[in-house]
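So the chains spell out like this:
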Amino acid sequence: MTVKQLTNHPKAPKPGRVALVGAGPGDPELLTIKALKIIQHSDFILYDRLVSKEILALFPTKTPTMYVGKEKSHHSIPQDKLNDLLVTKAKQGLNICRLKGGDSFIFGRGGEEMLKLKSAGIDVEIVPGITAASGCTSYAGIPLTHRGISQGCTMVTAHGEKELNLNWEQLAKVGHTLVFYMGLSKAQLINTQLQQHGMSPSTPVALIENGCCPNQRVIRGLLHELPLLAERESVQSPALIIVGEVVNLADQLAWLANAKHNEIQKLSA
Ligand code: SAH
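A quick note: this is a predicted structure, and the numbers were derived from the prediction, not measured.

Rules used throughout
Residues numbered from 1 in each chain as written. Predicted model: local features only at pLDDT ≥ 70, side-chain atom pairs only at ≥ 80, totals over all residues. Heavy atoms only, no water. Core = buried A, V, L, I, M, F, W, Y, C linked by side-chain atoms within 4.5 Å. Buried < 20%, exposed > 50% of the residue type's maximum accessible area, 1.4 Å probe, protein only. Helix = DSSP H or I, 4+ residues; strand = E, 2+ residues; numbered from the N terminus. Contact = heavy atoms within 4.5 Å. Pairing = 2+ DSSP bridges. Axes fitted to C-alpha atoms, helices over the stretch in contact; angles between N-to-C directions. Parallel < 35°, antiparallel > 145°, perpendicular 65-115°, else oblique. Left-handed = near helix turned anticlockwise from the far one by under 90°. Nonpolar A, V, L, I, M, F, W, Y, C, P; charged D, E, K, R; others polar. Near = heavy atom within 4 Å. Polar contact = N/O pair within 3.5 Å; in protein donor to acceptor, adjacent residues only side chain to side chain. Domains from an automatic or database assignment.

Visitor: I keep staring at the nonpolar core and nothing clicks. Help me out?
Guide: A general trend in soluble globular proteins is that nonpolar side chains are found buried together. Ranked by size, the top nonpolar core spans 23 residues in total, and within it Leu-171, Phe-180, Ile-190, Leu-194, Leu-207 and Val-243 carry the most contacts. Of all the elements in the fold, those that place two or more residues in this core are α7 (168–173), β9 (177–181), α8 (187–196), β10 (204–209), α9 (226–232) and β12 (239–243). Counting 17 residues, the second largest nonpolar core, distinct from the first, contains Cys-136, Ala-206, Leu-240 and Val-246.

Structure follows, in structure tokens:
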């Protein structure tokens with residue numbers, strides 16, 4: 001075989017790398033510079049449901065994109081097919097941006113995707129994003145920790161893969177801020193379990209709907225009112241539930257000037 005033939009021989013492409021990129025909670029200005037650079041320079045973007053339309057608008061028009069989100073329990077593409085797709089596309093030599101709401105490693109299945117990619121020999125880069133607990137509470141004027149009020153914060157999912165297996169006893173007694181992701185349909189369960197395990201029914205709670213987005217709503221009340229608040233205000237997903245005394249600090253700290261951004265309602269007031 002001559003050198004010329006060798007050069008012409010179609011080579012298997014060098015595999016691309018996959019960047020698992022956190023898009024943050026909605027406001028495009030909360031993207032990291034690194035996230036934006038990867039969005040602008042990738043060959044292919046796969047994005048989830050919680051990536052806001054303002055961030056979608058930043059995708060270069062020439063870049064192929066694919067929606068791979070899930071609505072409640074319905075996946076537009078099953079997770080194992082998505083993992084296979086990432087591997088196949090990377091093996092074709094494409095540099096891929098896998099864009100997820102918030103942070104990939106917080107209730108984002110980033111670890112699962114990374115394990116699969118690493119086992120297929122694909123290089124992976126992680127770009128952290130602002131997780132909903134941090135972004136939404138900041139935009140609502142609710143500090144997750146506050147000296148003398150809350151010495152910590154526990155983030156939990158209220159949605160179990162099979163069944164919900166939370167240690168309610170510990171959650172009720174821990175004495176610091178609780179943040180429930182995917183908790184909207186479990187408002188009644190959160191209310192009854194926390195109370196049954198000793199939390200006061202008058203513990204302050206907040207529901208933050210579409211946090212960090214132009215239509216953010218913050219609805220506040222007390223633990224025993226939680227299911228009623230969610231129902232009365234027709235709170236829609238995505239929404240976070242915050243439980244703890246820090247919620248009351250929003251009386252003084254809510255800072256978003258636009259009332260539309262920060263419509264605070266207190267049932268018990
Ligand atoms: N990886 C994401 C979480 C995905 S789980 C992160 O780090 O933020 C999806 C849940 O996150 C939603 O059901 C909701 O509880 C919460 N969430 C995400 N974005 C939100 C937003 N902008 N406003 C309120 N809740 C949000």
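There's plenty left to go through after this.
Visitor: Mind showing me how you'd approach the side chain of Ser-104 here?
Guide: Here Ser-104 lies in the loop between β6 (96–100) and α5 (110–119). Judged by its relative accessible area of 1%, Ser-104 is buried. Contact partners of Ser-104, with chain neighbours within four places excluded, come to Leu-20, Val-21, Gly-22, Arg-109 and Gly-110.

Visitor: Just checking my understanding: could you explain the sheet that holds β6 for this structure?
Guide: Reading across from one edge, β3-β2-β6-β1-β7 is the order of the five strands in this open sheet, with parallel pairing throughout. Here the strands that pair on one side only, and so sit at the sheet edges, are β3 (65–67) and β7 (123–127). When strand polarity is set aside, the average angle formed by the axes of neighbouring strands in this sheet is 20 degrees. Here five bridges tie strand β1 (residues 17–22) to β6, and the two strands are oriented parallel to one another. Bridging from a neighbouring strand, Leu-20 pairs with Arg-98 of β6. Each of β1, β2 (44–47), β3 and β6 is contacted by helix α4 (residues 79–91), which is oriented at about 155 degrees to β6, the strand it contacts most.

Visitor: Looking at this structure, how should I read the packing of α4 against α5?
Guide: Helix packing for two helices is described by the angle between their axes and how far apart those axes are. One way to put it is that α4 packs onto α5 with a least axis distance of 10 Å and a crossing angle of 45 degrees. Comparing the axis directions of α4 and α5 gives the class oblique. Taken as a pair, α4 and α5 cross one another with a handedness that is right-handed. Across from Gln-79, Leu-82, Asn-83, Asp-84, Leu-86 and Val-87 in α4, the residues of α5 making contact are Glu-112, Glu-113, Lys-116 and Leu-117. Among the residues forming the contact of α4 with α5, the class breakdown is four nonpolar, two polar and four charged.

Visitor: Would you mind going over the site of the ligand with me for this structure?
Guide: What surrounds the ligand is a group of 18 residues, the closest being Ile-106, Thr-131, Ala-132, Gly-211 and Ala-239. In the model, a nitrogen atom of the ligand is placed 2.9 Å from a nitrogen or oxygen of the Pro-25 main chain. Between the ligand and the protein, one listed contact pairs an oxygen atom with a backbone N or O atom of Asp-103 at 2.8 Å. Residue classes in the shell around the ligand are distributed as 12 nonpolar, five polar and one charged. Of the residues that make up the shell around the ligand, three or more belong to each of domain 1 (17–130) and domain 2 (133–253).

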